[in-house]
Amino acid sequence: QVQLVESGGGLVQAGGSLRLSCAASGRTFSRYGMGWFRQAPGKEREFVAGIKWSGASTYYADSVKGRFTISRDNAKNTVYLQMTSLKPEDTAVYYCAADSTIYGSIVYLSQYEYEYWGQGTQVTVTS
């Protein structure tokens, strides 16, 4: 089984920054793509950012492009989401996820391509 544990969420004022971390264990982390999703109250879970197994390719939702950066450290089995210029509309529970395709050739945008999920970490941005 794969375990994903997020950390780094919290309360921040608009314009501030946070860095989320997701530590993975249970399988060879470096072989699989990773993604960050978020879910705000009353809304569906949405894709935020994704990164290929190698780290060579990334993809972002339009709403966060230019403000968020996804990265990974395969030696530490950890994926990160650096969030800057935060807005109140970024308030949500953020989840990291691991996709199910070994050495996948693309970054997956659909949550249904992701096999394992963390428990989520709350990010609250105040105005």
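Data block above holds the structure.
Described below are features of the structure shown in this document. Predicted model, so just to flag it, every value in this text is computed and none were measured. Sequence order as written defines the numbering, with residues in each chain counted from 1. For this predicted model, a pLDDT threshold of at least 70 governs which residues receive local features, and a threshold of 80 or more governs which side-chain atom pairs are given and counted, while totals over whole chains, interfaces and linings are taken from all residues. Excluded from the side-chain calculation are hydrogens and water; included are all heavy atoms of the structure.

**Looking at the nonpolar core**
Residue types Ala, Val, Leu, Ile, Met, Phe, Trp, Tyr and Cys, when buried and joined through side-chain atoms within 4.5 Å, form a set referred to as a nonpolar core. Residue burial is assigned from relative accessible area. The probe radius is 1.4 Å, only protein chains are included, and a residue is buried under 20% of its type maximum, exposed over 50%, and partly exposed in between. Grouped together as the largest cluster of nonpolar side chains are 36 residues, with contacts concentrated most on L4, W36, L81, M83 and Y94. Every element with two or more residues in this core is listed here: β3 (18–25), β4 (32–39), β5 (46–51), β7 (68–73), β8 (78–83), β9 (92–102), β10 (114–117) and β11 (121–126). Under the DSSP-based scheme used, a helix requires at least four consecutive residues in state H or I and a strand at least two consecutive residues in state E, with every element numbered from the N terminus. Counting residues per element, this core draws most heavily on β9, at five residues. Residue contacts are counted whenever heavy atoms from the two residues lie within 4.5 Å of one another. Excluding residues that lie within four positions of it along the chain, L81 makes contacts with L18, R19, L20, W36, V48, A49, F68, T69, I70 and Y94.

**Describing the side chain of R72**
When you line up the elements, R72 lands in strand β7. As used throughout, the charge tally considers Lys and Arg to be positive and Asp and Glu to be negative, leaving His and the chain termini uncounted. We count a salt bridge whenever a side-chain nitrogen from Lys or Arg sits within 4 Å of a carboxyl oxygen from Asp or Glu. Buried charge without a salt bridge: R72, with D99 as the nearest opposite-charge side chain at an N-O distance of 7.0 Å. Engagement of the side chain of R72 in a polar contact is seen with the backbone oxygen of K52, the distance being 2.9 Å. Each polar contact in these results corresponds to two N or O atoms within 3.5 Å; when the atoms are within protein, one needs to be able to donate a hydrogen and the other to accept it, and residues that are neighboring in sequence are counted only if both atoms are side-chain atoms.

**Details of the state of the cysteines**
In this description, a disulfide is simply a cysteine sulfur pair whose atoms lie within 2.5 Å. Following the criterion strictly, the structure yields one disulfide and no others. Through a disulfide, C22 is tied to C96; the S-S separation comes to 1.9 Å. Negative torsions about the S-S bond denote left-handed disulfides, and the value of about 45 degrees found for C22 with C96 makes this one right-handed. One end of the pair, C22, is in strand β3; the other, C96, is in strand β9, with 74 residues separating them in the sequence. Note on accessibility: C22 and C96 belong to one class, buried.

**Structural notes on the pairing of β4**
Burial runs high along β4: seven of the eight residues are buried. Strands are treated as partners if at least two bridges between them are detected by DSSP. Pairing between β4 and β9: seven bridges, direction antiparallel. Following the sheet pairing, F37 is matched in β9 by Y95. Direction of pairing for β4 relative to β5: antiparallel, over a ladder of five bridges. When the sheet's bridge partners are listed, W36 is paired in β5 with A49. Connecting the antiparallel pair β4 and β5 is a turn made up of six residues, with G42 showing a positive phi of about 80 degrees.

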